[in-house]
Amino acid sequence: MAGNDSKDGRRRTGVHNRLPVLRAERGVSRSELAQAVGVNAQTIGFVERGDYGPSLELALRICAYFELPIEAVFSLAPFVPMSAQLYPTRSGEPT
Amino acid sequence: MSTENRAARMSRLVADKDARVQDHRQRPLPAWLAGRGTRRAIAVLPVLPLAGGLVAGTMADSLARTTVMVVVVTLCVGLLLLLRQASRMLDAVPDRMLDEREVGERDNAHRRAHALTVGLLTVLVLVAIADGVMRKTGGSSLIDGDGWINVTLTAMLVGAMMPAAVLTWRGSEPLDDLDG
């Protein structure tokens with residue numbers, strides 16, 4: 001899988017996610033999410049930073065927790081910012 | 001005591017122990033251990049007992065050699081404890097206490113530690129061959145017969161430290177905004 005190195009030399013995964021946005025929107029802490037899906041809170045941090053690509057099982061558990069389809073939470077391409085989706089430019093194209 | 005009671009008591013004891021260890025693992029690292037530079041400096045410290053073991057191997061059988069070996073073994077035990085603290089005991093706790101990322105990190109560290117240990121043993125084998133050749137041709141030797149016991153004992157102790165050292169070297173910065 002394609003990936004590049006992060007600041008601390010870790011191999012970044014090619015999996016992008018919206019976990020920080022979803023957590024902030026629903027007021028869920030890393031610890032709460034970690035407990036709900038059965039992992040260490042640090043692991044949620046690693047997933048959010050893109051330093052760790054979750055297994056299919058963990059990804060599905062996270063999606064079940066947020067009651068969202070997997071493509072709404074994880075993607076192989078970077079997500080378009082929510083502001084661009086909510087407020088498209090005059091031409092109708094996202095910024 | 002019935003078998004059922006004993007089994008229930010055992011499982012309760014194991015659960016209590018797991019909870020205590022997990023609680024210890026979740027605590028933030030002390031400030032002096034949290035920096036990447038410090039952790040990497042600690043990760044290379046096993047070189048010290050290794051050098052001490054080699055020096056002890058070259059010494060004549062005496063009180064001085066025994067003293068050096070006592071220092072080496074004490075240093076190894078202390079270093080192993082320090083490395084395990086720095087790596088949050090990732091190489092020491094059972095699978096049931098680790099999540100999928102931690103299991104992956106631990107396995108990766110074991111793979112690298114195995115390669116390093118094989119490298120160390122290869123160097124020792126080459127030294128042993130050179131030692132044998134010198135003994136046969138010149139009569140002198142690098143390491144006395146008994147000295148190999150010290151060298152191999154040190155190599156074994158350093159090999160036991162290797163997974164924790166690799167985990168300490170590769171450990172990433174702790175997240176300070178855990179609830180962010």
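For the structure itself, look to the data block above.
An account of the accompanying structure is given in this report. In this text, all values refer to a predicted model and were calculated from it rather than measured experimentally.

Digging into the overall build of chain A
- Helix and strand content of chain A: six helices and two strands.
- The linear arrangement of helices and strands in chain A, starting from the amino end, is β-α-α-α-α-α-β-α.
- In chain A, which comprises 95 residues, the proportion classed as buried is 40%.
- For chain A, the proportion of contacts with a sequence separation of at least 24, taken over those separated by at least 6, is 52%.
- Counting only carbon and sulfur atoms, one obtains 56% of the accessible surface of chain A, whose full area is about 5600 Å².

Looking at the pattern of salt bridges
Residue and element names in this part refer to chain A.
- The full count for this structure, using the stated rule, is 13 salt bridges over all chains.
- A salt bridge links E48 to R23, with the shortest nitrogen-to-oxygen separation between them at 2.5 Å. Taken together, the positions of E48 in helix 3 (residues 41-49) and R23 in helix 1 (residues 19-26) put the pair 25 residues apart, joining distant regions of the chain.
- Overall, the relative accessible area of 5% leaves R23 in the buried class.
- In this structure, the salt-bridge partner of E25 is R26, at a minimum N-O distance of 3.7 Å.
- Each of R23, R30 and E48 takes part in one network of salt bridges that share partners.

Concerning unusual backbone geometry
- The phi dihedral of E67 of chain A falls on the positive side, at around 55°, and the residue is not glycine.
- Mapping E67 of chain A onto the fold places it in the loop between helix 4 (56-66) and helix 5 (70-73).
- The backbone phi angle of R88 of chain B is positive, close to 55°, even though this residue is not glycine.

Observations regarding the packing of aromatic side chains
- Applying the stated criterion across every chain yields a total of one aromatic pair over all chains.
- Consider the rings of Y65 of chain A and F66 of chain A, whose centres lie 5.2 Å apart with planes at 80°: the pair is edge-to-face.
- Of note, R49 of chain A hangs over the ring of F46 of chain A, and the distance from its end group to the ring centre comes to 5.0 Å.
- Its end group placed over the ring of F46 of chain A, R101 of chain B keeps NZ or CZ at 4.1 Å from the ring centre.

Remarks on the packing of helix 4 (residues 47-58) of chain B against helix 5 (residues 63-86) of chain B
All names here are of chain B.
- Remark: helix 4 packs on helix 5, axes separated minimally by 9 Å, with the N-to-C direction vectors making an angle of 165°. When the axis of helix 4 is compared with that of helix 5, the two are roughly antiparallel. The crossing of helix 4 and helix 5 is left-handed. The segment helix 4 lies against helix 5, with L48, P49, G52, G53, A56 and G57 engaging R65, V68, M69, V72, L75, C76 and L79.
- Partitioning the contact of helix 4 with helix 5 into residue classes produces nine nonpolar, three polar and one charged.

About the criteria used
Residues numbered from 1 in each chain as written. Chains lettered and ligands numbered in written order. Predicted model: local features only at pLDDT ≥ 70, side-chain atom pairs only at ≥ 80, totals over all residues. Heavy atoms only, no water. Helix = DSSP H or I, 4+ residues; strand = E, 2+ residues; numbered from the N terminus. Buried < 20%, exposed > 50% of the residue type's maximum accessible area, 1.4 Å probe, protein only. Contact = heavy atoms within 4.5 Å. Areas by Shrake-Rupley, 256 points an atom, 1.4 Å probe, with all protein chains shown as cover. Salt bridge = Lys/Arg side-chain N within 4 Å of Asp/Glu carboxyl O. Phe/Tyr/Trp six-rings, centres within 6.5 Å; stacked < 30°, edge-to-face > 60°. Lys NZ or Arg CZ within 6 Å of the ring centre and 35° of its normal. Axes fitted to C-alpha atoms, helices over the stretch in contact; angles between N-to-C directions. Parallel < 35°, antiparallel > 145°, perpendicular 65-115°, else oblique. Left-handed = near helix turned anticlockwise from the far one by under 90°. Nonpolar A, V, L, I, M, F, W, Y, C, P; charged D, E, K, R; others polar.

Just distances and angles here, no functional claims.
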